[in-house]
Amino acid sequence: MQQIVTSLIPFPNIRWWSVVADHTHVIFDHAEHFAKMTYRNRYYITGANGLIQLTVPLAHGRNQRTAMQDVLIDNKERWQVQHWRTLFSVYGRTPYFEHYAPSLEQLFLQKFDKLVAFNEASVHWLKKELRIGFDEESAPAYKKYELPVHDMRNACKPGMEKKAMPESEGLYYQVFSERNGFYPNLSMLDLLFAEGPAAMSIINRNKEIINRWV
């Protein structure tokens with residue numbers, strides 16, 4: 001069994017799926033401390049003016065030192081409405097947005113009190129649409145893992161996606177790339193809306209390139 005332990009992050013990026021999809025069993029760490037400036041409450045897409053960061057607001061701010069399973073969402077802000085409107089505005093004319101929009105909108109219409117609940121729902125939605133069949137479990141207590149378990153928890157820091165590449169270096173057609181260049185390692189939503197069922201095939205053909213997106 002090929003096992004990996006990872007943080008639970010919202011709408012994980014392309015490289016995350018590239019790595020995780022190679023494993024048969026995924027352990028989601030619910031007990032690790034929330035860390036600011038990571039993917040744990042944010043994901044990235046591209047828009048007409050460049051990179052867009054979509055953030056899930058937290059009830060006690062981003063400086064808390066709390067286990068992920070205890071982090072609460074600040075639902076006083078209409079963040080789900082804002083996220084959905086942004087996705088619709090950016091991707092509404094992409095080839096596959098119309099296909100995925102109905103079920104994805106339902107996710108944004110649900111109320112989530114805990115960050116791990118929203119993150120988990122987003123992962124499960126993508127897992128279903130990508131037709132990936134790994135087994136999974138939640139780790140309620142923090143622990144160190146040794147090989148052969150692949151520990152991916154420290155790889156959840158944004159970086160490469162903030163630097164646009166020439167459009168010609170893109171692995172797929174990305175909206176606004178003719179204006180802004182190609183942003184690597186965005187949320188898997190970006191690739192899915194562009195390529196639909198071919199998304200994982202594109203990842204599998206380009207693993208060497210994607211692994212450099214760190």
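The next point concerns the overall build of the chain. On a plain count of helices and strands, the chain comes out with 8 helices and 6 strands. Overall, the chain shows an N-to-C arrangement of helices and strands of β-α-β-β-β-α-α-α-β-β-α-α-α-α. Taken over C-alpha atoms, the radius of gyration comes to 17 Å for the chain, in line with the 17 Å a tight globule of 214 residues would show. If you line up the chain on its principal axes, its C-alpha atoms span 45 × 40 × 30 Å. Of the roughly 10600 Å² that the chain leaves accessible, carbon and sulfur atoms contribute 48%. Across the chain, the mean location of the 25 positive side-chain charges is 5 Å away from that of the 23 negative side-chain charges.

If the charged atoms of two oppositely charged side chains come close together, the side chains can form a pair. As enumerated under the stated definition, the model contains 7 salt bridges in all. Two residues, D22 and K207, come together in a salt bridge whose shortest N-O distance is 3.2 Å. Linking D22 in the loop between α1 (14–20) and β2 (25–29) with K207 in helix α8 (residues 207–210), this pair joins segments that are 185 residues apart in sequence.

Here the focus is unusual backbone geometry. The omega torsion across L147 and P148 is 15 degrees, close enough to zero to call that bond cis. Note on placement: P148 falls in the loop between β5 (135–139) and β6 (150–151). Phi is positive for R131, which is not a glycine, with a value near 60 degrees. Positionally, R131 belongs in the loop between α4 (115–130) and β5. Given a relative accessible area of 77%, R131 falls into the exposed group. Although it is not a glycine, N185 sits at a positive phi angle of roughly 60 degrees. Its place among the elements puts N185 in the loop between α5 (177–180) and α6 (188–195). What makes N185 buried here is its relative accessible area of 4%.

In space, the 4 strands of this open sheet follow the order β5-β2-β1-β6, with parallel pairing throughout. At either end of the open sheet lies a strand with only one pairing partner, and these are β5 and β6. Here strand β1 (residues 3–7) runs beside β2; their pairing, made up of 5 bridges, is parallel. Note on β2: the bridge partner recorded for I4 is V26.

On to α6, then. For an α-helix the count is 3.6 residues per turn, leaving residues at separations of three or four pointing the same way. Burial within α6 is extensive, with 7 of its 8 residues counted as buried. For α6, the set of buried residues is M188, L189, D190, L191, L192, F193 and A194. Where α6 is buried, its residues meet α1, β3 (42–47), α2 (79–91), α3 (97–109), α4 and α7 (199–205). Downstream of α6 by a residue or two, G196 has a phi angle that is positive, lying close to 55 degrees.

Among the structural elements, P12 can be located in the loop between β1 and α1. For the pair P12 and Y43, spaced 31 residues apart in sequence, the C-alpha separation works out to 7.1 Å. Once residues lying within four places of it in the same chain are set aside, the contact partners of P12 are W17, V123, L126, S187 and M188.

The rules behind these values
- Counting of residues starts from 1 at the beginning of each chain's written sequence and follows it residue by residue.
- In view of the model being predicted, local features appear only for residues whose pLDDT reaches at least 70, and side-chain atom pairs are presented and counted only at 80 or more, with totals across whole chains, interfaces and linings using the full set of residues.
- The basis for every side-chain value is the complete set of non-hydrogen atoms in the structure, without hydrogens or water.
- Every helix listed is a DSSP run of H or I at least four residues long, and every strand listed is a run of E at least two residues long, numbered separately from the N terminus.
- With the radius of gyration taken over C-alpha atoms, the globule rule is written as 2.2 Å times the number of residues to the power 0.38.
- Shrake-Rupley sampling with a 1.4 Å probe provides the accessible areas, and residues are treated as covered by the protein chains on show and by no other component.
- Positive charges come from Lys and Arg alone, negative charges from Asp and Glu alone, with His and the N- and C-terminal ends not counted.
- For charged residues, the charge sits on one atom: NZ in Lys, CZ in Arg, CG in Asp, CD in Glu.
- The rule for a salt bridge is simple: a side-chain nitrogen of Lys or Arg has to be within 4 Å of a carboxyl oxygen of Asp or Glu.
- To sort residues, take the accessible area from a 1.4 Å probe on protein chains only and compare it with the maximum for the residue type: under 20% means buried, over 50% means exposed, and anything in between is partly exposed.
- Between any two strands, pairing holds if DSSP finds at least two bridges.
- Between two residues, a contact is recorded if the distance between any of their heavy atoms is within 4.5 Å.

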